[in-house]
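Overview (structure and organization)
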Amino acid sequence: MWCLPTVRPNVSEMFKCSSSLRRFHSPMLKQATAARFSTTSSSPYLPPLFSVAPMMEWTDNHYRTLARIITKHAWLYTEMIAAQTLIHQQTNLTGLLLVLHQDRFLAFSPQQHPIVLQLGGSNVESLAKAAKLSHPYGYDEINLNCGCPSPKVAGHGCFGVTLMLNPKLVGEAMSAIADNTNVPVTVKCRIGVDDHDSYDELCDFVYKVSTLSPTRHFIVHSRKALLGGISPADNRRIPPLKYEYYYALARDFPDLKFTINGGITSVSKVNAALEKGAHGVMPLADPGTC
Ligand SMILES: Cc1cc2nc3c(=O)[nH]c(=O)nc-3n(C[C@H](O)[C@H](O)[C@H](O)COP(=O)(O)O)c2cc1C
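Residues numbered from 1 in each chain as written. Predicted model: local features only at pLDDT ≥ 70, side-chain atom pairs only at ≥ 80, totals over all residues. Heavy atoms only, no water.

Note the cut-off: UniProt positions are given in the numbering used here, feature names are shortened, and annotations may be inferred rather than shown by experiment.
As annotated in an unreviewed UniProt entry, the protein chain carries the name tRNA-dihydrouridine synthase and comes from Raphanus sativus. Quoted verbatim from the Function (unreviewed entry) heading of the UniProt record, the comment on the protein chain is "Catalyzes the synthesis of dihydrouridine, a modified base found in the D-loop of most tRNAs." Here the protein chain is described in UniProt, under the heading Sequence similarities (unreviewed entry), as follows: "Belongs to the dus family."

Comments concerning the overall build of the protein chain
Quick reminder of the rule: Numbering of helices and strands runs from the N terminus, with a helix taken as a DSSP run of H or I at least four residues long and a strand as a DSSP run of E at least two residues long. What makes two residues a contact is simply this: any of their non-hydrogen atoms within 4.5 Å. Note on areas: Shrake-Rupley, 1.4 Å probe, and residue coverage restricted to the protein chains presented here.
Helix and strand counts for the protein chain come out as ten helices and ten strands. Taking the contacts inside the protein chain whose residues are at least 6 apart along the sequence as the reference set, 71% of them involve residues at least 24 apart. A total accessible area of about 13500 Å² is found for the protein chain, and carbon and sulfur atoms account for 57% of it.

Re unusual backbone geometry
For the bond from H113 to P114, the omega torsion is -10°, close enough to zero to count as cis. Position of P114 among the secondary structure elements: in the loop between α4 (95-106) and β5 (115-120). With a phi close to 65°, E57 is a non-glycine residue in the positive phi region. Residue D194 is not a glycine yet carries a positive backbone phi of 50°. Examined against the element boundaries, D194 turns out to sit in the loop between β7 (185-189) and α8 (199-212).

Points about the packing of helix α5 (residues 124-134) against helix α7 (residues 167-179)
Selection rule: Convention adopted: a line fitted to C-alpha atoms gives each axis, helices being fitted over their contacting stretch, and angles between N-to-C directions are expressed from 0 to 180 degrees. Throughout, the term roughly parallel applies to angles under 35 degrees, roughly antiparallel to angles over 145, roughly perpendicular to angles from 65 to 115, and oblique to all others. Handedness of a helix crossing follows the sense of rotation of the near helix relative to the far helix, less than a right angle counterclockwise being left-handed and clockwise being right-handed.
Packing of α5 against α7 leaves a shortest axis separation of 8 Å and a crossing angle of 30°. Here α5 is positioned roughly parallel relative to α7, judged by the angle of their axes. Crossing handedness for the pair α5 and α7: right-handed. Residues V124, L127, A128 and A131 of α5 form the contact with α7, whose participating residues are L169, E172, A173, A176 and I177.

A look at the environment of Y199
Take Y199: it is sitting in helix α8. Other than its neighbours up to four places away in sequence, Y199 contacts Y245, A248, L249, R251 and D252.

Some words on the environment of P149
The line we're drawing: Whether a residue is buried, partly exposed or exposed follows from its accessible area with a 1.4 Å probe, protein chains only, as a fraction of its type maximum: under 20%, in between, or over 50%, in that order.
Note on placement: P149 falls in the loop between β6 (141-146) and α6 (151-154). Classification of P149 by relative accessible area gives buried; the value is 10%. C-alpha separation for the pair P149 and S231, spaced 82 residues apart in sequence, amounts to 8.3 Å.

A word on the packing of aromatic side chains
Counted only if it meets this: Two rings from Phe, Tyr or Trp (for Trp, the six-membered ring) form a pair when their centres sit within 6.5 Å of each other. Planes less than 30 degrees apart are called stacked, planes more than 60 degrees apart edge-to-face, and all others tilted.
Summed over the entire model, instances satisfying the criterion amount to six aromatic pairs. Arranged with centres 4.7 Å apart and planes meeting at 50°, the rings of F108 and Y139 form a pair that is tilted. Of this pair, F108 sits in the loop between α4 and β5 while Y139 sits in the loop between α5 and β6, placing them 31 residues apart in sequence. On the accessibility criterion, Y139 (5% relative accessible area) is buried. Chaining the aromatic ring pairs together yields one cluster made of F205, F218, F253 and F258.

Section: the site of the ligand
Rule in force here: Note on definitions. A residue lies near a molecule or strand when any single heavy atom of the residue is within 4 Å of it. In protein, a polar contact requires one atom able to donate a hydrogen and another able to accept it; more generally it is a pair of N or O atoms within 3.5 Å, and residues adjacent in sequence count only if both atoms are side-chain atoms. Amino acids outside the nonpolar list (Ala, Val, Leu, Ile, Met, Phe, Trp, Tyr, Cys, Pro) and the charged list (Asp, Glu, Lys, Arg) are all regarded as polar, and Gly is one of them.
Taken together, 16 residues form the shell around the ligand, and within it M56, Q118, K188, R236 and N261 come nearest. At 2.7 Å from a nitrogen atom of the ligand is found a main-chain nitrogen or oxygen belonging to M56. Within the side chain of N145, one N or O atom sits 3.3 Å away from a nitrogen atom of the ligand. The residue makeup of the shell around the ligand, split by class, is seven nonpolar, six polar and three charged.

Describing the pairing of strand β4 (residues 75-82)
Side-chain positions along a regular strand alternate between the two faces of the sheet. Note the following rule: Whether a crossover is right-handed comes down to one check: with the strands pointing away from the viewer, does the path from the first strand over the helix to the second run clockwise; if it does, it is right-handed. The criterion for strand pairing is that DSSP finds at least two bridges linking the strands in question.
By the criterion of burial, β4 is predominantly enclosed, with six of the eight residues buried. Between the parallel elements strand β3 (residues 51-52) and β4, the chain passes through helix α2 (residues 61-70) in a crossover that is right-handed. Where β4 and β5 come together, five bridges link them in parallel fashion. Within β5, the residue paired with A82 across the bridge is G120.

Shown next as structure tokens:
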């Protein structure tokens, strides 16, 4: 039996139109954000109720500033930033340039809180170092990308969604990231890769990552990834959405939190997911369709 909460908010409350902009200023969302920030080590971890999906070449500083004008409380994600890029920027540049260059990748205006830094990479030491480099900026959470199927990313060794094939490595990486930050660490993944698409394999991934590291929150893009060379756009279209995997995870790992992602394109879909028991929702605020 899937767990259904007794009281769920109505998310149409969150969507208040002002001019042509949609606002997400609901008291419920404000309350959820406040509760999230008041979490202490002794109280349970609360995932963001509503977050805007990370998008390479979209969710940069400018996009996030605009998003923050539209929504006061939604969680915002950076684009994926390769750990190695941050390290190269640090070692190849000097003095003020180093600061400016690194700030191109890591700086953000305080208004953008709550904000999550999404890292990409698979080298445990590099990810640890990247987490350490990001520490002074005050991100609210660090997330590891385990869902990107782009050949540019997944094709270069164990990176992006190919990380799902090595849960032990992800667990170790998440543990190393957590050792270098004092904010929650989270994973964004798919439900499988190619033929590795059984629910058991997904459970194995979640179980190993959460036992080897303090990761308590997974953002689940509820499609598998196909690594046969299809485009990232086709990888969002061809593999079918299997929300049943998402709800089964929420049922089978009661100590963990899961955010649903993939195909959440309308207020009614957000509401339907929350009513069905989703801990958090991550729609894609596609600039082309807003
Ligand atoms: C242009 C674009 C860039 C994306 N970049 C990232 C990224 O940097 N990191 C990431 O985890 N997901 C990225 N994604 C995936 C989205 O965050 C999200 O998981 C996916 O779009 C959900 O599927 P949907 O399009 O059906 O909603 C990107 C998606 C798009 C369309």
